[in-house]
Amino acid sequence: MLDARMMTLIVCIALGIAHAQSLDIGQGRGGVSGRNAVVLSPQPPAMAGELRMAVLPVFTRPPAFYLNFGTSGRHGPFELADNALVGNEHSPYRLRLSEGGQQFELLPEHDAGAAYGPFATTNGAVVKIGQTVMTMVRIPARLEVSLRHAAKINQMPMVGIAPYDQKLATELQALRTKFAALSARVDAETADIALQGVPRIRSRAVGGNFSPVVQVSKRDKQNAGKGAELSAVNFMETLFRQHFRIRSQAITEGHVYHFGMPPGDYVLCAMQKVKDAQAPGMAGSATAVWWTTFTFDGERPMAMTLAEENAVTWREVFVLSR
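What counts and what doesn't
- Going along each chain's sequence as written, the residues are numbered from 1 onward.
- Residues qualify for local features only when their pLDDT is at least 70, as the model is predicted, and side-chain atom pairs are given and counted only at 80 or more; totals for whole chains, interfaces and linings, by contrast, use all residues.
- To obtain the side-chain values, all non-hydrogen atoms of the structure were included, while hydrogens and water were left out.
- For helices the rule is a DSSP run of H or I covering at least 4 residues; for strands it is a run of E covering at least 2, with both sets numbered from the N terminus onward.
- The contact criterion used is simple: two residues touch if any of their non-hydrogen atoms lie within 4.5 Å.
- Accessibility throughout is a Shrake-Rupley quantity obtained with a 1.4 Å probe, and a residue counts as covered only by protein chains that appear here.
- Residues belong to a common nonpolar core when they are buried Ala, Val, Leu, Ile, Met, Phe, Trp, Tyr or Cys residues joined through side-chain atoms within 4.5 Å.
- Remark: exposure states derive from per-residue accessible area (1.4 Å probe, protein chains only) relative to the maximum for the residue type, with buried under 20%, exposed over 50%, and partly exposed in between.
- Only strands that DSSP links by at least two bridges are regarded as paired with each other.
- Throughout this description, the term salt bridge denotes a Lys or Arg side-chain nitrogen within 4 Å of a carboxyl oxygen of Asp or Glu.
- For every residue, the predictor reports its confidence as pLDDT, a number between 0 and 100.
- A helix is expected to reach a length of 1.5 Å times the quantity of its residues less one.
- Axes here refer to lines fitted to C-alpha atoms; in helices the fit is confined to the stretch in contact. Angles between the N-to-C directions go from 0 to 180 degrees.

Along the chain, the regular secondary structure elements total 3 helices and 23 strands. Pairs at least 24 residues apart make up 61% of the contacts formed inside the chain by residues separated by at least 6 positions. Entry remark: accessible area of the chain is about 18,300 Å², with carbon and sulfur atoms responsible for 51%.

Printed below as a string of structure tokens:
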């Protein structure tokens, strides 16, 4: 037999749930509010201001070159860097750059005071050591992108580069606006609802406090997040097809992508379908994203490593302020 206190608790909870299910909710400061409830979501993210995006470490190496001799002979590759070793273990030389990197000399390791050069660092320059005449062959600078993710599924990733020009910047502003709206929607759909006019009740019969707050279930939160992710990835794939048209010229080892491009400012975008660690019981997958801007000078090779540790979600592509 239920006592009066327990009956009061049940009635209050039932009335609260009825209120929550019939609310006409609108936007309010500090959360979304209605006449009988307040949705405890954070302030919506800003959709304007400076365009700030995710960044990845980009590693730069010195330029590299070969020394060709005769009709088919070749030494190298060697680094075109000050103090680099050139030659072999029997005849090593120390490279010394000069004239701001426009010239270099070769100093024999075993003959202090001797020097050969200066030679130009341009492709096709003649390099003469004693009676040996060689030709410098500069190795074209490339960007190497290594993509590894322990939870990837059997689906090829999307990896591309776009010139970071004004047209792309405008498109990125629009994408940020869409992402900010999606983020605000997820926050509102997954936030707890505080019922107005429903008291906090402590029941000695069943123990514990009963708060006038209706919580969203874990499954509903997962569904809201999944729906927003699908929309966000669709937006990104559309932008990718329209602007990220610089694709890898070769793939080695199954996961290293090689890009060649002229000097300039660029944005790299990579997307890989992975197992959804946040919802293992749900069908489907999540999308790991790698995103960064970088500047390529056309002289120095560059490399990026895309791994599980530096992947981001769609909500982290842009730095959204509130």
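Leu172, Phe179, Met236, Phe244, Trp291, Val317 and Phe318 are the most contacted members of the largest nonpolar core, which totals 25 residues. At the level of secondary structure, the elements contributing two or more residues to this core comprise α2 (166–190), α3 (218–243), β21 (264–274) and β22 (286–296). A total of 6 residues in this core trace back to one element, the largest contributor, which is α2. Apart from the residues lying within four places of it in its own chain, the contact partners of leucine 172 are Leu51, Met53, Tyr164, Leu239, Trp291 and Phe318. Core analysis: the second largest hydrophobic core is formed by 23 residues, Ala141, Ile161, Met261 and Met304 among them.

Glancing now at the sheet that holds strand β23 (residues 302–306). Spatially, the 5 strands line up as an open sheet ordered β4-β23-β13-β20-β19, and their pairing is mixed. Where the open sheet ends on each side, the last strands, each with one partner, are β4 (59–60) and β19 (250–252). Where β19 lies against strand β20 (residues 256–259), 3 bridges are found, and the strand directions are antiparallel. Looking at β20, one finds that threonine 252 is bridged to valine 256.

With that settled, consider the pattern of salt bridges. Scanning the model with the defined rule gives 5 salt bridges in all. Among the ionic pairs, arginine 94 bridges to glutamate 109, the shortest N-O distance being 3.1 Å. Taken together, the positions of arginine 94 in strand β8 (residues 92–98) and glutamate 109 in the loop between β9 (103–108) and β10 (116–120) put the pair 15 residues apart, joining distant regions of the chain. By relative accessible area, arginine 94 is classed as buried at 18%. Two residues, glutamate 229 and lysine 226, come together in a salt bridge whose shortest N-O distance is 3.5 Å. Here lysine 226 and glutamate 229 lie together in helix α3, a separation of 3 residues that amounts to about one turn. Judged by its relative accessible area of 15%, lysine 226 is buried.

Turning our attention to the confidence of the model for the chain. With 74% of its residues at a pLDDT of 70 or more, the chain has an overall mean of 81. Here residues 1–33 is a poorly scored stretch, pLDDT under 50, and it has 43 contacts once near neighbours within four places are set aside; other chains count.

Another point: α3. Along its 26 residues, α3 runs 37 Å from first to last C-alpha, staying within 8% of the 38 Å computed at 1.5 Å per residue. For α3, the set of buried residues is Gln222, Ala224, Lys226, Ala228, Glu229, Ala232, Val233, Met236, Leu239, Phe240 and His243. Buried positions along α3 lie against β14 (158–163), α2, β21 and β22.

Turning our eyes to something else, we now look at α2. Taking 1.5 Å per residue, 25 residues should reach 36 Å; α2 reaches 36 Å between its end C-alpha atoms and fits that length. Those residues of α2 not exposed but buried are Leu168, Ala169, Leu172, Leu175, Arg176, Phe179, Ala180, Leu182, Ser183, Val186, Asp187 and Thr190. On the buried face of α2, the contacting elements are β14, α3, β21 and β22.

What follows concerns the sheet that holds β9. A sheet is described by the order of its strands in space; here 4 strands give the open sequence β7-β8-β9-β10, paired in antiparallel fashion. Looking at strand neighbours, the two that pair on one side only are β7 (85–87) and β10, the edges of this open sheet. Between one strand axis and the next, the sheet turns through 35° on average, direction left out of account. Sheet analysis places β8 next to β9, joined by 6 bridges and oriented antiparallel. When the bridges of β9 are listed, leucine 95 appears paired with leucine 106.

This part covers the pairing of strand β12 (residues 132–138). Two strands pair when backbone bridges link them, and strand β5 (residues 64–69) and β12 are joined in this way by 4 bridges, in the antiparallel orientation. When the bridges of β12 are listed, tyrosine 66 appears paired with valine 137. Relative to β12, strand β11 (residues 126–129) is paired through 4 bridges, and the arrangement is antiparallel. Bridged to valine 127 within β12 is methionine 134. Counting the residues between successive antiparallel strands, the hairpin from β11 to β12 contains 2 residues, one of them, glycine 130, with a positive phi of roughly 65°.

Alternating residues of β9 divide into Phe104, Leu106 and Pro108, all buried, and Gln103, Glu105 and Leu107, none buried. Once β8 ends, the chain turns through 4 residues before running back antiparallel as β9, passing glutamate 99 with a positive phi of about 55°. Bridge count between β9 and β10: 3 bridges; the pairing is antiparallel. Directly across from phenylalanine 104, in β10, lies its bridge partner phenylalanine 119.

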